[in-house]
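Architecture at a glance
Below, each chain spelled out in residue letters.
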Amino acid sequence: MMKMSFDVTAKKLFGVRYERLIRTLFLELVVFWGLHIAGFQVEIAPFILYLMSGAFSGGIMWQALSSDGSRANLENLFMLPFEGRTLVFSYVAALGAYTLLTQTAGLLAVVWAVGHWSWTEIMGSVLCALAAIVIVSCLYPLRLGRVDAYAFYVRPASRGRTVKVHRRYSVRRYLFRYLMAHKNYLVNTAAMWGVACVLPVLLGQMEARFVLPIGFAILSLNTPICILLSCDPALERAVWFLPGQGKAFCVPYCLFIFGCNLAADIVFLCSWQIQLGGIGLLHALTAAAFALLSATGSVLLEWYCPIRGWKIESDLWHHPRKYVVPAVMLLLAGLVSMV
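Residues numbered from 1 in each chain as written. Predicted model: local features only at pLDDT ≥ 70, side-chain atom pairs only at ≥ 80, totals over all residues. Heavy atoms only, no water.

As a further point, take the pattern of salt bridges. All told, the structure shown has 1 salt bridge when counted by the stated rule. Close ionic contact of Glu302 with Arg321 constitutes a salt bridge, the shortest N to O distance being 2.8 Å. Pair noted here: Glu302 is in helix α13 (residues 281-304) and Arg321 is in the loop between α14 (313-317) and α15 (324-338), with a separation of 19 residues, a long-range link. We classify Arg321 as buried; its relative accessible area is 13%. (Salt bridge = Lys/Arg side-chain N within 4 Å of Asp/Glu carboxyl O. Helix = DSSP H or I, 4+ residues; strand = E, 2+ residues; numbered from the N terminus. Buried < 20%, exposed > 50% of the residue type's maximum accessible area, 1.4 Å probe, protein only.)

Following this line, the structure appears as structure tokens:
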């Protein structure tokens, strides 16, 4: 019974013949070997290695447990006869394997390749990742005050709520409701603001005209708000039925992302001014330009190249496409700095 429950969840995450897992492990090996033979080295303290491994794994595991895909999978498992502990162990084991082998392994492949590590430190990073996965698996059901298998199942936030009916559609209203129903998106945005506060400390040794555009490019990496069509196929289908589809949806969506990006850039500029000073009108205009360009690029990617074939939301959050717009912005930042 436990093997059957594990296979149901694992095959959904890794593919029927685990082909997605094999492909992911191969790509991680290629990344590790490529960085290793390139000779690029970075000094990283073992404590930072352990912290990154544990924090990243814990966050991914929480996302996996909270995702709509995992909830749908649990609904299917609950239709079968099951024993509570067996189901919990197999379900958590499958999600833990997904977190460790497809997400954390990618991070560790990069970190291991660019640093000099002993076998003790390598095993320590793996143990920190496993410990974080186990801790999150224990804490997640306790937020409901329960410890049985049903504690891992959370009903959609919209159920049981009274929603006011409007005669006209409003993309802005939908985006606001979506954020209120997905608090993790708000948490990610708040985390970007925290990064914006810290960036002046990390980049303050260089001149503002060189560093500020790089900071604006980094702050465009707010993945959740840039994948609304990819993560909600029903919304994508509904959008195609709107009159004047592109203008009706893409313009408000672009303005929404622009506002989120600009808010992070403003926090970055305020933090820079408080700590280092020297912020002028040109820097503010540059921030607005970068926020608008990154928002436009994100919307165009969602409109023309939505992400397909994902299993749970964590696949979307860490899809390689998330780096396309920030990478272009970094190249643009280099050009702006030279000019």
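For the rest of this paragraph, the subject is helix α6 (residues 119-142). For α6, built from 24 residues, the straight-helix expectation of 34 Å at 1.5 Å per residue is met to within 8% by its first-to-last C-alpha distance of 35 Å. Of all the residues in α6, the buried ones are Glu121, Ile122, Gly124, Ser125, Ala129, Ala132, Ile133, Val136, Ser137, Tyr140 and Pro141. (Expected span 1.5 Å × (residues − 1).)

A cluster of nonpolar residues, Trp62, Ile135, Leu139 and Leu142, forms a patch on the protein surface that exposes about 390 Å² of accessible area. For the nonpolar patch, the element with the most residues is α6, which contributes 3 residues. Tracing the backbone shows Ile135 in helix α6. (Patch = residues over 30% accessible without salt bridge, like charges linked within 9 Å, V, L, I, M, F, W, Y side chains within 5 Å. Areas by Shrake-Rupley, 256 points an atom, 1.4 Å probe, with all protein chains shown as cover.)

To continue, consider the packing of α13 against α15. Between α13 and α15, the least distance of the axes is 10 Å, while the angle of their chain directions is 150°. In terms of orientation, α13 lies roughly antiparallel with respect to α15. By crossing handedness, the relation of α13 to α15 is classed as right-handed. Residues Phe290, Leu293, Ser294, Gly297, Ser298 and Leu301 of α13 pack against Val324, Val325, Met329, Leu332, Ala333 and Val336 of α15. In terms of residue class, the contact of α13 with α15 is built from 9 nonpolar, 3 polar and no charged. (Axes fitted to C-alpha atoms, helices over the stretch in contact; angles between N-to-C directions. Parallel < 35°, antiparallel > 145°, perpendicular 65-115°, else oblique. Left-handed = near helix turned anticlockwise from the far one by under 90°. Contact = heavy atoms within 4.5 Å. Nonpolar A, V, L, I, M, F, W, Y, C, P; charged D, E, K, R; others polar.)

Here the focus is the environment of Ser57. Mapped onto the secondary structure, Ser57 falls in helix α3 (residues 46-66). Looking at Ser57, the relative accessible area reads 0%, which means it is buried. With 43 residues separating them along the chain, Ser57 and Leu100 place their C-alpha atoms 6.9 Å apart.

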